Structure formats: structure tokens, C-alpha cells
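Listed here are the chains, written in short residue letters.
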Amino acid sequence: MSTRRSGGRTVRSAGLAFLVGILVIGLLASPIPAQAPKPGGTLTYVVSAEPPSFDAHRETTFAMLHPIRPHYNLLVKFDMPNYPKVVGDLAENWTISQDGLTYTFRMRRGVQFHDGSPLTSRDVKASYDKIIFPKGDVVSVRQATYEMVEKIEAPNPTTVVFRLKWPSPSFLANLASPFNWIYKADILEKEPRWYERNVMGTGPFKFVEYVRGSHWAGVRNENYFVSGRPYLDGYRALFIRAVAAQVAAVRSGQALIEFRGFTPAQRDDIVKALGDKVVVQEGGWLCNLLVVFNVNRTPFSDARFRRALTLAIDRWGGSRALSQITLLGPVGGVMRPGSEFATPDSELVRLAGYGRDIGAARAEAKKLLTEARVPEGFEFTLKNRNIPMPYEPAGVFLIDQWRQIGLRVSHVVQETGPYLADLRGGNYEAGIDFSCDFMDEPDVQLHKFISADRSPANYGGYTDRVLDRLFTEQSRTRDPEKRLQLIRQFEKRVLDEKAYQIYVLWWHRIIPHWTKLRGWKMGPAHHLDPDLQDVWIAD
Amino acid sequence: MAASITITPRAQPRPRWLGWFIRRYPLGAVAGLAILTMGIAAASATWLAPYDPLAIDFLAMFSRPGPGHWLGTDAFGRDVLSRMIFGAQTALLVGFFASLAGATLGGVIGVVSAYFGSTGDLVIQRLADILISFPLIILAMAIVAILGTGTVNLIAAIALSFVPRAEIIVRASALGIRQTPYLEAARALGAGHWRIIFRHMVPNVVAPYLVILTAFLGQAILLEASLSFLGLGVAEPTPAWGLMLSGAAVDFVQRAPWMAIFPGLAISFMVLAFNMLGDALRDALDPKLRT
Amino acid sequence: MTRYIAKRFLLMFPTLVAVAVLIFVLVRVVPGDIVELRLVSGGMFVTKEVVEKERIRLGLNKPIWQQFVDWMVGMVRLDLGTSMWTGAPVSQEIAIRLQLSLQLAFMATLIAVVLAVPLGALAAIRRGTWIDYAVQVFSVAGLAVPSFWLGILLILFLLTYFQWLPPLTFTSLWKDPRANLLQLIWPALAVGYRYSAVATRMTRSALLEVLREDYIRTAWSKGLAERVIVRRHALRNALLPVVAVIGLEFAFLIGGLVVTEQVFNLNGIGKLFVEAISRRDYTLIQGLMLLVAFAYVAVNLVIDLLYAWLDPRITYG
């Protein structure tokens, strides 16, 4: 959890700042006053988008996780108060062989699906076979992240074994993916796509109803395998797309929380209106904005020009200002600031565009522009999505920064559809890109930067075998220190030497919620919330 | 030879126009004056605006209206008044070109279609009937989706959604004189199609054309605001009223209400002026027409 | 008359088929791809193979003509297909939203009629007086103020003075009339004002026209009271074009409240349309556009029949 930066003159009224300050300090001291959990009540929360289908194995959006996740369990999950620690969910415990190639999980006993049938290792195997080895027209979007898995075995009803082709330090965390819901083997056998439109899990809540465009409702699973859980009688997820209406829902008490994140101003609105009826949880967020350059266009093919562009950006100053009005915040490299893999600030400042002296950096940028023979007043376009937060402010910010080294940039804002098509098709000069993941894991976060022929998420169009080699090497290195070194080398090459893609800022997650909502701790990824197992409502 | 035919179907009374118009339609005249003023303000925005409309000032975010910033600042600390003055440029630009293009294209199709008649006319009429069955905003959204966003595409989208409406009205006026004796006479005297269209039909549809043109101006500005509000119009950081109303203005409506109030007032005021001028023009030019 | 009705009714269908063809082509010209939007736009990495597989599943790899034939065959059986995004039947997606949109359209119409007819009549009768001017300014302003902005101001007003917000989720009128009305009355007011402006102007000008007619002058000369003349003779005849305007506006309201629904977070047809377009959900866009066109064509038919029935001067055959 972060402390609030107080940069420059505060614009907000002093009283409000004081109030927020007190709340956050209070939060730091003791997140939630100790009290025995009280069963009962219905939790209402806001979800800002609607689930496309109900099958997590084939979707990538939190809009499907937030309303439906409480119906399911995973094999293992992240222990949110102690993230990134992994604990068992349906698994009681597990062992990893010396060579790192065999993972053996022992299952909990007495777990039942909502239809009353018992869960066995067969269900786990069937679910993971669907995720890793999908058959026919079944789509599994994260199939490629499990390419190290050779096969899955279920030797007896309470044991599941994963056999790997090569040791992978990120494998266990990967199994804790919030998308890997355990389905029922009998159903999958009969109808592999049944789960796209139906719900049948073992989770703490049973399905009640889904009204399109309105809400999703669940009711307490009386036979849940953790005794005394869940605390809540039920929950209701309200689908509200308009941002102002989301804030209004929390303000008016029609909802107690929104699990994705609000902007600072929205937080202030809610805090001002509700006072100590709300608490605010804040911290790092595993999402970021980048700028990708099309290396097939001049002068973007010239690394000097790209370096000039990254040098021109005042990240530290921008972070102070933008964190007051947008959900952008921390300055960081390829790994999330605050994560175990992150480059500390003292080293970060040595990368191009991360120095504290913006005047010197811009002077160097201008020199590089001259070397690259880019004239004063050179014009290019910056492609962006038409999503107000945080894409549009980031675009406005970048254009202002580049104007200061004499470049004239026009903003081309597009709907997401054509924007993605243009980025993929190389029909752009510079574009704002982004990534958002569910766990701090170099394999996931670095994947965007390897050669375009290996990574479909690399829109830059470049080929760099050095990066590819470093990526593969770090992915299979089990010694954490060595792995970290490889990541640093990778980072320096991408962001500084070659400046293929550059970071604007990382996101800062802010969740204001009613104080009476207890038993929930915010993590760094909105995908990890919530299973609602331990959440309760105080009087 | 036939060039000396100078019959006009309806002798236009030509009093001293401006003076007559002002005395007869004072509201219209006031509206015209207001539009003129806004036009001049927009044209001289560079000198008039107290601040650079694009200049970000993070130290002045959400400043209240006061001596420093008369109408306050927005979420980036940009001066609301300056953005509104420059926004008038965008509104007038989009409004003027979109309605001009829409009314003209529709008018041309309407006249030609009315003159030639037969199958072509029938097909065009069916098509126009179909297109007017969609609300303007839906039509414009669909066209924006095809063309993409941005100021030029926005103008095109609004113009195109006006075309069927203009076409139907102009065609109806043009049809009325197609069968009149003097046209028959002109044709008998051997005048070419285009000559007849330009010399005889076009002058007769000028009145409805002008009326729909002014009526479209107000609608175009409203459409621009709506589309920009939905993120389908002009792109940040270009100052535009609809854009100023979207995003931050709604999110921060209670904290910084001036961000939502002033641009909305500007839109209402400009559309009001255009509508009033349009009404007066309609009454003066073609009282039978309802737009 | 029966023949006329039948003929007009049957004429609806070629129009709707033409609409369908037009929409189908237009939708495919829109750049952007539903599969990419669905799987990639969240910022997670997905392989090309997965994207391709999904595309095949949605039938997007089939030739365009084949897709069109599939759609048309479904239509003959009154099946609009399934939404490419949610996988639910398009008719079901629309039905859920239609209830709200229809109710909002009715409420706005009601507000408009209640305001417009008396105001318009008053302005016509007192033509040239300050009442007339006031009504005209009121209605011209109604056309100028963006209704979504009026919505924003309404919300601001409620928040500032009452610390209260209308409910954010839809409750059916039959289930809980109070919650239902509390949610819908505000957007209905914002939209109804603009709508009433259109109708007021129409009432005024139509009534003015009728008041100039001979039979009204006769009535005057017979010494009938003003109220009787206006109520019994003039207004009745002037109402026909007013009804037509109200009908067409009503048809537009069903799908056209795109921005207002955003502001008030209403789960209506307009919001669904915005979502369908931004997701490139072809089947849903097609279904919605068809619905909007149908509403307009149907209302037009009703108006034509009303005219034919009420106004003996119109010949039909």
C-alpha cells in the first residue's frame, strides 16, 4: 500500500486533503478494526462491463471474473493478504520434485459441486486438459502460457500430477490464475462448450440469475467445503458502464464497492460525500501504458530518434501531476514497481528518460534529433484508443512533452476496433499501447517485447534475437538472482539502447469502499478479485 | 436563341432586404447578430483567448472561475474560456461545412432526381425513405464507425446523414415546377437538360435550400456535441464543446460544475441563435415549408 | 379502405428487406474485428491461432454472401440470429431493453403532449402577444438545449440539493412502480422537454393555419364563444399533423436516445446500440437497426391510416 505523494501545490481544498490523509494513514495503521466476522447480508457491487460468455477458460476480461468467480474454485490461488504467496484452494497441499518437473497435488476431501455431486481429481484433470490441450472448436486463450506442460495425470481420486517438459519457475503461480476455474468432468465430456452459457462449480456461492444489462446474483452455498464460509447470504453484481454512474452507485450506497479501480477525483468525491463511512485502499496496479513505435517507418526506424522521444518525457513530474487526475501513477520499467522483480529507483534513473534532470534529458534529446536529421517542427501522429481514462489524458500529456523538444504531434483517437486493427497492421507511426496482467511474472510481462514473429502482442514490427534469447533464458532460470540479472539486461535493451517501446507510466489502483465491507484486501491486479469467500458486512 | 426566356414562376418581391428583415423579424435579426459576434470571436480566437487552449497547467487543475481564469480550468488546468472560444471554431467549422455539404449534396440529388424522374428517381426515393427511417444520431454513429473518428470524418458523417433529409425536401419543391408550362416551353425551345435545371429549377429551390441549410446548422452542432460526447467525434486535445462536456466534466460534475455548465450553455446558445435565424428565414422565404 | 390498408401493410416488407440488405453491407464495411476486440482489448496476450479459431466459430470466415443467406433464412423464420458477443439470441438481447425504451418513450411523449398542446394552442390564439413570444422562446430553446446536457444538470441538481440519486438499475413498472418512476422520470423530463418543443411549434403553426380557414371565420361570425371554436372546431382539425409529428418522434425515441441513456445509465436500446457498435457485434447491430427502421415504418403506416380515416379529403386506392 502506498503513501500518497504530495507534489507541488495542492489544488484540492485543504480540508478534503486532510480528510483523505487521515483515512489513508488510518488505513496504514490498521487496515480494518478487529472484529469478529458477522455472517449474513447481501453484498452489492459494481462491475463496469458485462461478461461476454461465462467460461473463464476462453475469456480474458475481468468483466467475466467479477460477477462469476464466486461460483468457482481454483486448484491453487493467491493468498491475497500475502500476495504473491500461493495457497491451496481445492488442493490441500502439494510437492514439487527435485528436478522441478513433477508437481503433485493432494486434493481436499468432501468438496461438492452445486448439484451435490462430489469433486474428484478427474474434474481437475478434465478442466486443465481443456485449458492446456483444447479439442475441436473449444477455445482456450491461455493455452500458450502452459507450453511447458507435457501431461496431466489423475492416478487416484485425490491426487493430480502435472508433468513438465522443462523446469519453469513461474509454473505454480501460473496455476493460481484466476481464470482456471475447475469444471465438472462429466459435463465437459458430454458438452465441452456447456460452460459458455451455464454455471456449475464448487464455489462459495450458487448461481441465482443474470439479467442482461442489469445484474448478476448469487446465493450462499450451504454445503461449501470451508466451514462457516461464506459469511454473506448472497451477492449482487450491478453492471454499470458509465463512470459517473459507477461513482454515483457507491456514493448513494446502492453498491458498496467497485473492484476494478477509481480515479483520484472519484475517490475524493466519494470520500467527501460519505466521510468515515468509507475507507480507501490504494496501491500498485499491474497495468501500464506504453508507447510503441513502428520501426518500419522513418524516422522511427532510427534508434536515436526513438531514444530522443523517450528522453523528452518527464516521467517523475508527469507522475506527480497525472496521479492527481488519472489512474496513472508510478514510474517504472518492464516489471511493476513494488513487485519483487522491479528495478529499484536508484538503478531506474540511469535508463534513458528516467533521469531526474529533465532539462539535461531534453537537451540530449535535441542533440539526438539533430544527429538523426529530424528537423525542428517535425510532425507525426500518435494513435490512441477513445477510452477517456487513462488513454486520453496520457495522449494529451505525451503530445505536450514532445512539443517541448520541438516536435508537432497530432492525436489520432480511434475506437478500439480500428485502433487494434491499425496497430496490428502496422498502419501507424507511434501508438499508445498497454498491458494488464493478473500476476507479477516476467514470462508474462516481457512477452510483449520479444520479436514480432514470436509475439503477436508486439506491434512494433521489429526482430531482435538478443531479446528473444534473454527471454527464453530468464524463463528457465530457477536461481532468482540470476534471473533478475537477465531481466535487467532485457529491460535496458528494450527501454534504453533500442527504445523499441517505452513506458509512459504504470497505473495506480484506488478502491474506495464502504467501511462496513470487511475481509477484503486489495491486490495489485483487478483480475484477482474477488471470490467473496471471506468477505463480510459489518453493522 | 432561347436564351432570352426570362420567365420566373413566382415574382420575388425584392424590398430592401436587410432593413425589411430586421423590422419584420426582430428575433431573427438579433440571432443573426449573435451568430456574427460568435463568428468574429471564433475567427479572432488567437487574440481573444486569454490562454493557449492546449497549454497544460498542472498547478491550476480545477481552478474555480475567478480573476485568473474567468470560467475556471479543467482537469488539466487548461483555461475553460479559452477552450470555449477555440471550441466555437470547431463548432462553426463542423456545423457550417457539414450542413453546407449535406444540404448541397442532398439538394443536387433532389433536383436532378425530380427533373429526370423515372426509375432512377424511384430508386433514389426508396433509398432516401429508408435512410430517414433512422434517427440522425444512429445514422451518424454508423457512418463514423465506417469512416473513423476525427474532425474531417465527423463533418462527412454529419453531412451524409443530412443528405436524405435535404434530398426529400428539395425534391418536393422541385417537383412542383417540373410540369409547369414555362418549363415545357423551355424544353420545346430546345434548351438542354442541364441548362433547364440550372436556369429554371435551381432558382426555385433556393428558398427551401436556404431554409434547410440554416435548420441543419443547429442540428449539426448538436450532433457534433453528441458524437464528441460519446468519444466518436473530435479528438482530444482539440477544443470542442461536446468533448469538453464528456469524460472529466461528467465525472467531476459536482467538484467542478463549471466544466459542464459553460460548454453546454455555449452549445445551447449557438444552436438557439441558428434556430431563431432559421425560423425567421423560413417565414421570410418560404412560409409553407416545415422543417 | 381494407384494400388500402392491406396494400400499405404489404408495402412495408419490401422496404424492410431493402433496409436489411443495406444494413448488412454497411455493417461489414465497418473496420475492426469482434474477435480481436473480445480477446485482445483487455491487454492480455493471446496467440494468433486462438483468434483464428474463434473467428471460424463465429462463422466470420465464411464468404459474405453465405453469411447473408444464413441471416435471411433465419429472418424468414423470425430468427434474428445470436449475438456474436454474448452468444444469446438477438431477439432476447433486444427484448430485455425494449421494455425500458418503450416506457421511456411513452413517458416522454406524455410529457410532451401535456406541455405542447395547451402551449401551442395558447400561442396560436394569442398570436403576436407576449404569450406567443414566450412560448416560442421556450420551444426554440427546447430545440437548442442538448438533452444529455440537461440530464447532466438534472443529476448535478439532485446531487447538490438533495444528496440523492435516481436508482441505477431498472425495476419493472409492474413490480415496483415507485422505483421504476423514480428512475425514469428524470430522463423522461430531459427528453420530453426537447420533444415538447417540436410538438408545440407544430401545434401552433397547424392551429394558425386552421384558424385562417373559412369555416372558422363562419363560426366567428356566428358569434360562437372562442373556447368552443377552438376546442370543437379548430383544434380537432389541427391535431392531425401534430399527431403525425408526435408519432414519428416517438419512433425515433425508441432507438435514438443514445446519449441520454449513457448519462442516466439506462439499460435501453440506445445504450445497447452503442455497445454493439463498439464491439462490432454484427448480428446485434443488424437486429437493432432493423428494429429502429421497423418502428419508423410501422408508425408511418399507422399515421397514414389515421390520415386516411380522419381526413376525407385524402383519396386512397
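Worth saying up front: this structure is predicted, and the values here are computed from it rather than measured.

**Observations concerning the overall build of chain A**
Part 1: Scanning chain A from terminus to terminus reveals 16 helices and 18 strands.
Part 2: A globule of 539 residues ought to have a C-alpha radius of gyration of about 24 Å, and chain A, at 24 Å, matches this closely.
Part 3: Referenced to the eigenvectors of the C-alpha coordinate spread, the extents of chain A come out at roughly 70 × 55 × 40 Å.
Part 4: Taken over 539 residues, chain A has a buried fraction of 65%.
Part 5: When contacts within chain A are restricted to residue pairs at least 6 apart in sequence, those whose partners lie at least 24 apart make up 71%.
Part 6: Of the roughly 19000 Å² that chain A leaves accessible, carbon and sulfur atoms contribute 50%.

**Focus on the side chain of R78(B)**
Part 1: Tracing the sequence through the fold places R78(B) in the loop between α3 (45-48) and α4 (80-116).
Part 2: Other than its neighbours up to four places away in sequence, R78(B) contacts V396(A), P53(B), L54(B), A55(B), I56(B), G72(B), T73(B), R83(B), E236(B) and P237(B).

**Topic: empty space enclosed by the protein**
Part 1: Summed over the entire model, instances satisfying the criterion amount to 11 cavities of 30 Å³ or more.
Part 2: Of the voids in this model, the second largest cavity is the one considered here, and its volume is about 380 Å³.
Part 3: For the second largest cavity, the lining is made up of 27 residues, of which F76(B), E236(B), S246(B), G247(B) and A248(B) are closest to its centre.
Part 4: Contributions of two or more residues to the lining of the second largest cavity are made by α12 (391-403) of chain A together with α4, α10 (241-245), α11 (248-251) and α12 (258-285) of chain B.
Part 5: Looking at the lining of the second largest cavity residue by residue, the class counts come to 16 nonpolar, 5 polar and 6 charged.

**Looking at the pairing of strand β8 (residues 205-211) of chain A**
Residue and element names in this part refer to chain A.
Part 1: Bridge analysis of β8 against strand β9 (residues 215-220) gives 6 bridges, and the strand direction is antiparallel. Pairing of K206 across the sheet is with V219, part of β9.
Part 2: Turn length for the β8-β9 hairpin, with the two strands adjacent in sequence and antiparallel, is 3 residues, and the turn residue G213 shows positive phi of about 75 degrees.

**A look at the state of the cysteines**
Residues and elements named next belong to chain A.
Part 1: The final tally for this structure, using the stated rule, is 1 disulfide over all chains.
Part 2: Between the sulfur of C287 and that of C436 lies a disulfide, 1.9 Å long from S to S. Measuring handedness by torsion sign, the sulfur bridge of C287 and C436 sits at about 80 degrees and is right-handed. Remark: C436 occurs in strand β15 (residues 430-436) and C287 occurs in strand β12 (residues 278-293); sequence separation between them is 149 residues.

**A closer look at the interface of chain C and chain B**
Part 1: Listed per partner, the contact involves 43 residues of chain C and 38 residues of chain B.
Part 2: Taking both sides of the interface into account, the surface hidden between chain C and chain B amounts to around 3600 Å²; carbon and sulfur atoms contribute 79%.
Part 3: The interface formed by chain C and chain B holds 1 salt bridge in total.
Part 4: One salt bridge in this structure joins D279(B) and R201(C), with 2.7 Å as the shortest N-O distance.
Part 5: The interface formed by chain C and chain B holds 2 residue pairs in polar contact (both at pLDDT 80 or more) in total.
Part 6: When contributions to the side of chain C that touches chain B are tallied by element, the ones reaching two or more residues are α1 (2-29), α6 (130-144), α7 (147-162), α8 (177-211), α10 (226-256), α11 (258-263), α12 (269-279) and α13 (282-310) of chain C.

**Here we look at the interface of chain A and chain C**
Part 1: The partner chain C presents 43 residues to the 51 residues of chain A that form the contact.
Part 2: The junction of chain A with chain C conceals about 4000 Å² of combined surface from both sides, 55% of it contributed by carbon and sulfur atoms.
Part 3: The largest share of the area that chain A buries against chain C comes from T60(A), R212(A) and R241(A), three residues that together contribute 17% of it.
Part 4: The salt bridge involving E50(A) is made with R97(C); its shortest N-O contact spans 3.9 Å.
Part 5: Between chain A and chain C we count 8 residue pairs in polar contact (both at pLDDT 80 or more) in total.

**Re the packing of aromatic side chains**
Aromatic rings considered in pairs are described by the distance between their centres and by the relative angle of their planes.
All names here are of chain A.
Part 1: Counting across every chain of the model gives 49 aromatic pairs over all chains.
Part 2: Between F179 and F438, the aromatic rings sit 6.1 Å apart at their centres with planes inclined by 65 degrees, giving edge-to-face as the arrangement. Highlighted residues: F179 in the loop between α4 (171-175) and α5 (185-190) and F438 in the loop between β15 and α14 (442-445), separated in sequence by 259 residues. Accessibility classification places F179 together with F438 in one group, the buried group.
Part 3: Put simply, the rings of W94, Y103, F105, Y128, F162 and F171 pair up and form one aromatic cluster.
Part 4: Note that R142 overlies the ring of F179, its terminal NZ or CZ placed 3.8 Å from the centroid.
Part 5: One cation-aromatic arrangement involves R385 over Y391; the distance from NZ or CZ to the ring centre is 5.0 Å.

**Observations regarding the sheet that holds strand β10 (residues 234-239) of chain A**
Residues and elements named next belong to chain A.
Part 1: What the 5 strands build is an open sheet, ordered β8-β9-β10-β1-β11; its pairing is mixed. The two strands at the open ends of the sheet, each matched to only one other strand, are β8 and β11 (257-258).
Part 2: In terms of strand pairing, strand β1 (residues 42-47) meets β10 through 6 bridges, oriented parallel. Looking at β10, one finds that T44 is bridged to R236.

**Some points on the pairing of β15(A)**
Residue and element names in this part refer to chain A.
Part 1: The element β15 is extensively covered by neighbouring structure, given that 7 of its 7 residues are classed as buried.
Part 2: Burial along β15 is two-sided: the residues A430, I432, F434 and C436 and G431, D433 and S435 are all buried.
Part 3: Alignment of β12 against β15, held across 7 bridges, turns out to be antiparallel. In the strand pairing of β15, V292 is matched with G431.
Part 4: Across 2 bridges, strand β13 (residues 379-385) lies against β15 in parallel orientation. Directly across from L382, in β15, lies its bridge partner A430.

**So, the confidence of the model for chain C**
Residues and elements named next belong to chain C.
Part 1: With 91% of its residues at a pLDDT of 70 or more, chain C has an overall mean of 81.
Part 2: Of all helices and strands in chain C, the one with the weakest mean pLDDT is helix α9 (residues 214-221) (70), whereas helix α5 (residues 90-125) scores best (89).
Part 3: Reported confidence for the predicted complex is 0.82 by ipTM and 0.81 by pTM.

**Regarding the sheet that holds strand β6 (residues 149-156) of chain A**
All names here are of chain A.
Part 1: Spatially, 4 strands are ordered β4-β5-β7-β6 in an open sheet, and the strand pairing comes out antiparallel. The open sheet has two edge strands, β4 (91-96) and β6, and neither has a second partner. Across this sheet, the average inter-strand angle for adjacent strands is 20 degrees, counted without regard to direction.
Part 2: Bridge count between strand β5 (residues 102-107) and strand β7 (residues 159-164): 5 bridges; the pairing is antiparallel. Bridge pairing links F105 to V160 in β7.
Part 3: Running at roughly 165 degrees to β6, helix α3 (residues 121-132) makes contact with β5, β6 and β7 of the sheet.

**Some details on the packing of α4(B) against helix α5 (residues 118-131) of chain B**
All names here are of chain B.
Part 1: Following both chains from N to C, one finds α4 and α5 inclined at 140 degrees, their axes separated by 7 Å at the closest point. Taken together, the axis directions place α4 and α5 in an arrangement best described as oblique. Handedness of the α4/α5 crossing: left-handed. The segment α4 lies against α5, with I109, S113, A114 and F116 engaging S118, D121, I124 and Q125.

**Looking at the nonpolar core**
Part 1: Grouped together as the largest cluster of nonpolar side chains are 370 residues, with contacts concentrated most on L43(A), W402(A) and L407(A).
Part 2: Looking at this core, the element that brings in the most residues is helix α9 (residues 193-229) of chain B, giving 17 residues.
Part 3: Among all residues touching L43(A), those that are not within four sequence positions of it are L232(A), G234(A), Y235(A), R236(A), L256(A), F259(A), L517(A), L532(A), V535(A) and I537(A).
Part 4: Core analysis: the second largest hydrophobic core is formed by 9 residues, V117(C), L208(C), V210(C) and A238(C) among them.

**Brief notes about the domain arrangement of chain C**
All names here are of chain C.
Part 1: Split into domains, chain C comes out as domain 1 (2-76) and domain 2 (94-310).
Part 2: Between domain 1 and domain 2, the C-alpha centre-to-centre distance is 32 Å.
Part 3: Counting from both sides, the interface comprises 22 residues of domain 1 and, opposite them, 17 residues of domain 2.
Part 4: Taking both sides of the interface into account, the surface hidden between domain 1 and domain 2 amounts to around 1800 Å²; carbon and sulfur atoms contribute 76%.
Part 5: Our enumeration of links across domain 1 and domain 2 arrives at 0 salt bridges.
Part 6: Those elements giving two or more residues to the side of domain 1 that touches domain 2 turn out to be α1, α2 (34-40) and α4 (64-76).
Part 7: When residues in the side of domain 1 that touches domain 2 are grouped by element, the largest group, 13 residues, is from α1.
Part 8: Of the residues that constitute the side of domain 1 that touches domain 2, the class distribution is 17 nonpolar, 2 polar and 3 charged.

About the thresholds
- Residues numbered from 1 in each chain as written.
- Chains lettered and ligands numbered in written order.
- Predicted model: local features only at pLDDT ≥ 70, side-chain atom pairs only at ≥ 80, totals over all residues.
- Heavy atoms only, no water.
- Helix = DSSP H or I, 4+ residues; strand = E, 2+ residues; numbered from the N terminus.
- Rg over C-alpha atoms; globule rule 2.2 N^0.38 Å.
- Buried < 20%, exposed > 50% of the residue type's maximum accessible area, 1.4 Å probe, protein only.
- Contact = heavy atoms within 4.5 Å.
- Areas by Shrake-Rupley, 256 points an atom, 1.4 Å probe, with all protein chains shown as cover.
- 1 Å grid on protein atoms, 1.4 Å probe; cavity = no way out; pocket = protein on both sides within 12 Å on 5 of 7 lines; lining within 4 Å.
- Points joined across faces, edges and corners; volume = space filled by probe spheres on them.
- Nonpolar A, V, L, I, M, F, W, Y, C, P; charged D, E, K, R; others polar.
- Pairing = 2+ DSSP bridges.
- Disulfide = S-S within 2.5 Å.
- Buried area = accessible area lost by both parts, 1.4 Å probe.
- Salt bridge = Lys/Arg side-chain N within 4 Å of Asp/Glu carboxyl O.
- Polar contact = N/O pair within 3.5 Å; in protein donor to acceptor, adjacent residues only side chain to side chain.
- Phe/Tyr/Trp six-rings, centres within 6.5 Å; stacked < 30°, edge-to-face > 60°.
- Lys NZ or Arg CZ within 6 Å of the ring centre and 35° of its normal.
- pLDDT = per-residue confidence, 0-100.
- Axes fitted to C-alpha atoms, helices over the stretch in contact; angles between N-to-C directions.
- Parallel < 35°, antiparallel > 145°, perpendicular 65-115°, else oblique.
- Left-handed = near helix turned anticlockwise from the far one by under 90°.
- Core = buried A, V, L, I, M, F, W, Y, C linked by side-chain atoms within 4.5 Å.
- Domains from an automatic or database assignment.

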